[in-house]
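Tertiary structure, described
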Amino acid sequence: MKLAPSIYTADFARLGEQIQEAERAGADWFHLDVMDGAFVPNITFGAAICRAVRESTRLPCEAHLMVQAPERFFRDYKEAGMQRIIVHVEACPHLYSTIQQLRALELQVGVALNPLTPLSAVEEALPLIDLVLIMSVEPGFGGQPYIPSSTARIRRMRAMLDALGAHAELEVDGGINPATLGQVRDAGASIAVVGSAVFSNRHSVAEGFAALRAALA
């Protein structure tokens with residue numbers, strides 16, 4: 001299973017150092033949570049920080065745009081070095097057009113769903129995208145507990161992907177730690193976004209990754 005650390009809970013005073021620690025510890029992707037204070041009740045960072053992360057690692061990076069009208073910013077994040085852009089189906093009333101705009105920029109396409117958004121909202125898009133993201137917390141803040149009903153949603157989404165023969169990755173974001181990672185993997189997820197389980201003042205980045213890998217083993 002791939003682990004994609006979210007820099008949201010990292011120490012921004014030494015962000016480059018922490019990114020390199022995560023890379024050495026076995027990260028697969030870096031996940032960058034962009035929030036606008038409108039689509040979600042919080043503000044994080046924009047393309048400049050994404051560019052700094054991209055310049056600090058050899059690993060691929062994805063920008064998770066928790067913003068209204070995300071298409072306004074696609075070119076900015078492309079130029080910042082993002083390989084994949086994740087948009088929310090709730091913010092994209094014309095999702096087919098959104099997907100085509102990302103394809104025109106030669107970006108990988110991800111689509112996210114909030115915890116109570118029906119999975120059917122993205123069913124028609126699954127053959128067209130590279131990744132579907134199940135939010136297992138309400139988006140906006142880090143460190144929230146995993147919503148238990150998310151496991152059944154992951155399992156149902158895995159069944160939908162398999163039934164369609166779609167090759168999109170299935171990513172899960174929110175409340176992922178050594179206690180929840182195994183059930184997420186067993187339900188069919190292929191990527192887990194990990195935040196405070198990796199970047200925390202309670203343990204080192206290497207210790208966080210070691211605990212997650214032990215949970216998978």
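Before reading on, note that the structure itself is shown above.
Residues numbered from 1 in each chain as written. Predicted model: local features only at pLDDT ≥ 70, side-chain atom pairs only at ≥ 80, totals over all residues. Heavy atoms only, no water.

Before going further, it helps to examine the overall build of the protein chain. What the protein chain contains, in helices and strands, is seven helices and eight strands. Oriented by its inertia axes, the alpha-carbon framework of the protein chain measures out at about 40 × 35 × 30 Å. Residues classed as buried in the protein chain amount to 53% of the 217 residues present. The long-range fraction of contacts in the protein chain, counting pairs at least 24 apart against all pairs at least 6 apart in sequence, stands at 66%. A total of about 9300 Å² of accessible surface is found on the protein chain, and carbon and sulfur atoms cover 52% of it. (Helix = DSSP H or I, 4+ residues; strand = E, 2+ residues; numbered from the N terminus. Buried < 20%, exposed > 50% of the residue type's maximum accessible area, 1.4 Å probe, protein only. Contact = heavy atoms within 4.5 Å. Areas by Shrake-Rupley, 256 points an atom, 1.4 Å probe, with all protein chains shown as cover.)

Next up on the list: the pairing of strand E8 (residues 191-194). The two faces of E8 match: Ile 191 and Val 193 on one face and Ala 192 and Val 194 on the other face are all buried. Taken together, the four bridges between strand E1 (residues 2-5) and E8 define a ladder with parallel strand orientation. Considered in E8, the bridge of Ala 4 is made with Val 193. By the bridge criterion, three bridges tie strand E7 (residues 169-173) to E8 in an arrangement that is parallel. Looking at the pairing, Glu 171 lines up with Ile 191 of E8. A crossover connection joins E7 to the parallel E8 through helix H6 (residues 181-187); in handedness this β-α-β unit is right-handed. (Pairing = 2+ DSSP bridges. Right-handed = clockwise from strand over helix to strand, strands pointing away.)

What follows is about the sheet that holds strand E6 (residues 131-135). What the eight strands build is an open sheet, ordered E1-E8-E7-E6-E5-E4-E3-E2; its pairing is parallel. Strands with a single pairing partner mark the edges of an open sheet, and in this sheet they are E1 and strand E2 (30-35). Across this sheet, the average inter-strand angle for adjacent strands is 25 degrees, counted without regard to direction. In terms of strand pairing, strand E4 (residues 84-88) meets strand E5 (residues 108-113) through five bridges, oriented parallel. Note that in E5 the partner of Val 87 across the bridge is Val 111. The sheet contacts of helix H4 (residues 95-104) involve E4 and E5, and relative to E5 the element is tilted by about 145 degrees. (Axes fitted to C-alpha atoms, helices over the stretch in contact; angles between N-to-C directions.)

Here Val 87 lies in strand E4. Counting along the chain gives 21 residues from Val 87 to Met 66, while the straight-line C-alpha distance between them is 6.9 Å. What Val 87 contacts, discounting residues up to four positions off in sequence, is Leu 65, Pro 70, Phe 74, Cys 92, Leu 95, Thr 98, Gly 110, Val 111 and Ala 112.

Let's shift gears to helix H5 (residues 150-164). The terminal C-alpha atoms of H5 lie 21 Å apart, and with 15 residues this matches the ideal 21 Å at 1.5 Å per residue to within 8%. Residues of H5 that are buried include every one of Ser 150, Thr 151, Arg 153, Ile 154, Met 157, Met 160 and Leu 161, and no others. Turning to H5, the residues buried within the fold contact E5, E6, E7 and H6. Once H5 ends, the next one or two residues include Gly 165, with phi positive near 70 degrees. (Expected span 1.5 Å × (residues − 1).)

Bringing the environment of Ile 154 into the picture now. Tracing the sequence through the fold places Ile 154 in helix H5. Placed 31 residues apart in sequence, Ile 154 and Arg 185 show a C-alpha to C-alpha distance of 9.2 Å.

Before going further, it helps to spend a moment on the packing of helix H1 (residues 15-25) against helix H7 (residues 205-216). For any two helices packed against each other, the geometry comes down to the angle between their axes and how far apart the axes lie. One can describe the packing of H1 onto H7 by two numbers: an axis separation of 9 Å at closest approach and a directional angle of 35 degrees. Both H1 and H7 take part in a crossing whose hand is right-handed. Across the interface between the two elements, Gln 18, Glu 21, Ala 22 and Ala 25 from H1 touch Val 205, Ala 206 and Phe 209 from H7. Looking at the contact of H1 with H7, its residues break down into five nonpolar, one polar and one charged. (Left-handed = near helix turned anticlockwise from the far one by under 90°. Nonpolar A, V, L, I, M, F, W, Y, C, P; charged D, E, K, R; others polar.)

To continue, consider the packing of aromatic side chains. Each aromatic ring pair is characterised by the separation of its centres together with the angle its planes make. A complete count under the given rule lists one aromatic pair for this structure. For the ring pair Phe 12 and Phe 45, a centre distance of 6.0 Å and an interplane angle of 40 degrees mean the geometry is tilted. With Phe 12 in the loop between E1 and H1 and Phe 45 in the loop between E2 and helix H2 (47-54), this residue pair connects regions lying 33 residues apart in the sequence. Take Phe 12: its relative accessible area is 38%, and that puts it in the partly exposed class. The exposure class of Phe 45 is buried, given its relative accessible area of 12%. Note that Arg 84 overlies the ring of Trp 29, its terminal NZ or CZ placed 3.8 Å from the centroid. (Phe/Tyr/Trp six-rings, centres within 6.5 Å; stacked < 30°, edge-to-face > 60°. Lys NZ or Arg CZ within 6 Å of the ring centre and 35° of its normal.)

Below, the discussion takes up the nonpolar core. Ranked by size, the top nonpolar core spans 64 residues in total, and within it Phe 30, Leu 32, Ile 85, Leu 126, Val 132, Ile 154 and Met 157 carry the most contacts. Excluding residues within four positions of it along the chain, Ile 85 makes contact with Ala 63, Leu 65, Phe 74, Tyr 77, Leu 102, Leu 107, Gln 108, Val 109 and Gly 110. Counting residues in each nonpolar core, the second largest holds nine residues, with Ala 112, Leu 131, Leu 133 and Met 135 among its members. (Core = buried A, V, L, I, M, F, W, Y, C linked by side-chain atoms within 4.5 Å.)

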